[in-house]
Amino acid sequence: AQSVTQPDIHITVSEGASLELRCNYSYGATPYLFWYVQSPGQGLQLLLKYFSGDTLVQGIKGFEAEFKRSQSSFNLRKPSVHWSDAAEYFCAVATNTGNQFYFGTGTSLTVIP
Amino acid sequence: DAGVIQSPRHEVTEMGQEVTLRCKPISGHDYLFWYRQTMMRGLELLIYFNNNVPIDDSGMPEDRFSAKMPNASFSTLKIQPSEPRDSAVYFCASSPTGRKTQYFGPGTRLLVL
């Protein structure tokens, strides 16, 4: 069965520091992978996605993610975090046979001055 | 593009009352998804439609929940009768065929007293 694991429930980083949010998936074939961000009281906004090709994908707001098949991972990174990046981040996987998403439980990011 | 539109944004009702949540997907999108988000269970897929036809409603928690999509531009999620444990944020998302990516609405915050 497909599943997504975000092992970090909550992360705190200082403004200007680098960030890496972890995501591991379980799926037998090549997945479609996504990162979404949810600011307080808001809906989910797509940050970036991986379908195929270059395993390092660039997204909005300076985020990037790297697909590593050997590790079944799709970690999200940002070289320098801004206070406005404080939010909940969700990793999701879609299979190549359906349109359902399987979401992780989310990682809450706090940014301290 | 106006994005996915949901109404109402906030709903407060009393236990036993009927609640109707509404969603207008992005024009041209063939898939529509209803999700529920709670602190305890995270994001749960309730039901999704393709070309106005329900494809998978296995996530609908019980018979009190029903969803319809009478046309390509409108869907409803109804709870009758509502219970306090239904309090959550309900999201609608839409997706174009073959694109996999889901676009989320702002959500409806439901509080059942």
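Going by the structure above, here's the rest.
Residues numbered from 1 in each chain as written. Chains lettered and ligands numbered in written order. Predicted model: local features only at pLDDT ≥ 70, side-chain atom pairs only at ≥ 80, totals over all residues. Heavy atoms only, no water.

Student: I keep staring at the nonpolar core and nothing clicks. Help me out?
Tutor: Proteins that are soluble and globular tend to have nonpolar side chains buried together. One finds Leu 19, Trp 35, Leu 47, Leu 48, Phe 74, Leu 76 and Tyr 89 of chain A to be the most contacted residues of the largest nonpolar core, which totals 27 residues. At four residues, the largest contribution of residues to this core is made by strand 10 (residues 87-94) of chain A. Counting 21 residues, the second largest nonpolar core, distinct from the first, contains Ile 26, Ile 47, Met 60 and Ala 67 of chain B. (Core = buried A, V, L, I, M, F, W, Y, C linked by side-chain atoms within 4.5 Å. Buried < 20%, exposed > 50% of the residue type's maximum accessible area, 1.4 Å probe, protein only. Helix = DSSP H or I, 4+ residues; strand = E, 2+ residues; numbered from the N terminus.)

Student: Which parts of the structure should I look at to understand the interface of chain B and chain A?
Tutor: Accessible area lost upon the coming together of the parts is a frequently used measure of interface size. Taken together, the contact between chain B and chain A spans 19 residues of the former and 20 residues of the latter. Counting each side, the surface lost to burial between chain B and chain A is near 1600 Å², with a carbon and sulfur contribution of 52%. By the criterion of area lost to chain A, the three top residues of chain B are Leu 43, Lys 100 and Phe 104 of chain B, representing 37% of everything that side buries. Taken together, the connections running from chain B to chain A amount to zero salt bridges. Run the count over chain B and chain A and you get three residue pairs in polar contact (both at pLDDT 80 or more). Secondary-structure elements contributing two or more residues to the side of chain B that touches chain A are strand 4 (31-38), strand 5 (42-50) and strand 9 (88-95) of chain B. The element that contributes the greatest number of residues to the side of chain B that touches chain A is strand 4 of chain B, accounting for four residues. (Contact = heavy atoms within 4.5 Å. Buried area = accessible area lost by both parts, 1.4 Å probe. Salt bridge = Lys/Arg side-chain N within 4 Å of Asp/Glu carboxyl O. Polar contact = N/O pair within 3.5 Å; in protein donor to acceptor, adjacent residues only side chain to side chain.)

Student: Just checking my understanding: could you explain the sheet that holds strand 1 (residues 5-7) of chain B for this structure?
Tutor: Residues and elements named next belong to chain B. Ordered by their spatial adjacency, four strands build an open sheet running 1-3-8-7, and the pairing between neighbours is antiparallel. Where the open sheet ends on each side, the last strands, each with one partner, are strand 1 and strand 7 (65-71). The mean inter-strand angle of the sheet, taken between neighbouring strand axes irrespective of direction, is 15°. Two elements, strand 7 and strand 8 (residues 74-79), share five bridges in a ladder whose sense is antiparallel. Bridge assignment links Asn 71 to a residue of strand 8, and that residue is Phe 74. (Pairing = 2+ DSSP bridges. Axes fitted to C-alpha atoms, helices over the stretch in contact; angles between N-to-C directions.)

Student: Can you help me understand the pattern of salt bridges in this one?
Tutor: Opposite charge on two side chains permits them to pair, given that their charged atoms come into close proximity. Going through the model one piece at a time under the given rule, you end up with twelve salt bridges over all chains. Salt-bridge contacts for Arg 77 of chain A lead to Glu 66 of chain A; the nearest nitrogen and oxygen are separated by 3.2 Å. Here Glu 66 of chain A lies in strand 8 (residues 64-68) and Arg 77 of chain A lies in strand 9 (residues 73-78), a separation of eleven residues in the sequence. We classify Arg 77 of chain A as partly exposed; its relative accessible area is 23%. Arg 64 of chain B is paired through a salt bridge with Glu 62 of chain B; the nearest N and O atoms lie 2.9 Å apart.

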